[in-house]
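Descriptive structure summary
Listed below, chain by chain, are the residues.
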Amino acid sequence: MRILLVEDNVALAETLALTLKRAGYAVDWRTDGRDALILGEQEPYDLAIVDLGLPGMDGLEVVRQWRESGLNTPVLMLTARSRWTERVAGLQAGADDYLTKPFHDEELLLRMQALLRRAHGREPSAVLNACGLQLDENTQRISGAGLSAVALSATEFKLLRYMMLHPGQVLSKTRLAEHLYDYEDERDSNVIEVQINHLRSKLGRTAIETRRGQGYVLVGRAP
Ligand code: CA
């Protein structure tokens, strides 16, 4: 899952970026509203976290223009405490949810999880179900079909989470790389192949099918 973080408070943004990366998200960070507007339309983000007050263009305007151009990426807006009018304005502009500062990391992660699940028609829950597998996002372990809380590496977790949100779909290496790496990362699609094989060694050879020239499909695991 790849996140666009738009926040001009450098100290806060650095902390948030670290928290998000630990939770297995690829993060692009921008401080300027105009930069964010363009990047948000250019790159396939799974979610955007947008502060309200930004240099260049305020967060409300960024979200409003995204929505006007038909971009439906889930947006979590960050607002100042006790300004209810800001929260209402944020939702009116097209934000999906808001979080008032200051907030705890856990609250941010839960709100994000809920928005990401909702975007894929799922119930918000710490355990992601797909293809007979259960992925616990808190412990980053996989269970189901004979597996019992098997630990995943950070990269395996990121990859499997994305695949479990798109079960049965053919996912190209390019698409997987776009959603697992941030803007500055070297996107080497061979790495995806290696990670797919790591996942297969944990889930079973047949859990992920290869469609030659097209990509990979998560089909689950024979019990
Ligand atoms: Ca600000």
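Residues numbered from 1 in each chain as written. Predicted model: local features only at pLDDT ≥ 70, side-chain atom pairs only at ≥ 80, totals over all residues. Heavy atoms only, no water.

**Some thoughts on empty space enclosed by the protein**
- All chains considered together, the criterion is met by two cavities of 30 Å³ or more.
- Elements represented by at least two residues in the lining of the largest cavity include exactly helix H6 (154–164) and helix H8 (189–203).
- Residues that form the lining of the largest cavity fall into these classes: five nonpolar, two polar and one charged.
- Here the second largest cavity defines a volume of roughly 30 Å³.
- What lines the second largest cavity is Met1, Tyr25, Gln113, Leu116, Arg117, Glu137, Arg161 and Leu165.
- Looking at the lining of the second largest cavity, the element that brings in the most residues is helix H5 (residues 105–119), giving three residues.
- Within the lining of the second largest cavity, the residues separate by chemical class into four nonpolar, one polar and three charged.
- Shared between two domains, the lining of the second largest cavity holds at least three residues of each, these being domain 1 (2–119) and domain 2 (127–218). (1 Å grid on protein atoms, 1.4 Å probe; cavity = no way out; pocket = protein on both sides within 12 Å on 5 of 7 lines; lining within 4 Å. Points joined across faces, edges and corners; volume = space filled by probe spheres on them. Helix = DSSP H or I, 4+ residues; strand = E, 2+ residues; numbered from the N terminus. Nonpolar A, V, L, I, M, F, W, Y, C, P; charged D, E, K, R; others polar. Domains from an automatic or database assignment.)

**Some thoughts on the domain arrangement of the protein**
- Domain assignment breaks the protein into domain 1 (2–119) and domain 2 (127–218).
- If you average the C-alpha positions of domain 1 and of domain 2, the two centres end up 26 Å apart.
- Domain 1 puts 17 residues into the contact, and the matching count from domain 2 is 16 residues.
- Together domain 1 and domain 2 conceal approximately 1,300 Å² of surface at their shared face, both sides included; 41% is due to carbon and sulfur atoms.
- The shortest N-O distance in the salt bridge between arginine 117 and glutamate 137 comes to 2.3 Å.
- Tallying contributions element by element places strand E2 (residues 26–30) first for the side of domain 1 that touches domain 2, with four residues. (Contact = heavy atoms within 4.5 Å. Buried area = accessible area lost by both parts, 1.4 Å probe. Salt bridge = Lys/Arg side-chain N within 4 Å of Asp/Glu carboxyl O.)

**Concerning the pattern of salt bridges**
- Taken as a whole and assessed by the stated rule, the structure comprises 14 salt bridges.
- Of the charged contacts, one joins aspartate 51 and lysine 101 as a salt bridge, the two residues approaching to 3.0 Å between their closest N and O atoms. With a gap of 50 residues between them, aspartate 51 in strand E3 (residues 47–51) and lysine 101 in the loop between strand E5 (97–100) and H5 connect regions that are remote in the sequence.
- With a relative accessible area of 6%, aspartate 51 lands in the buried category.
- Across the salt bridge formed by arginine 161 and glutamate 137, the nearest N and O atoms sit 3.1 Å from each other. Placement of arginine 161 in helix H6 and of glutamate 137 in the loop between strand E7 (133–136) and strand E8 (141–144) is noted, with a sequence separation of 24 residues between them. The same class applies to arginine 161 and to glutamate 137, which are both buried.
- Taken together, the salt bridges that share partners define one network made up of Arg2, Asp28 and Glu43. (Buried < 20%, exposed > 50% of the residue type's maximum accessible area, 1.4 Å probe, protein only.)

**Remarks on H6**
- Burial within H6 is extensive, with nine of its 11 residues counted as buried.
- For H6, the complete set of buried residues consists of Glu156, Phe157, Lys158, Leu159, Leu160, Arg161, Tyr162, Met163 and Met164.

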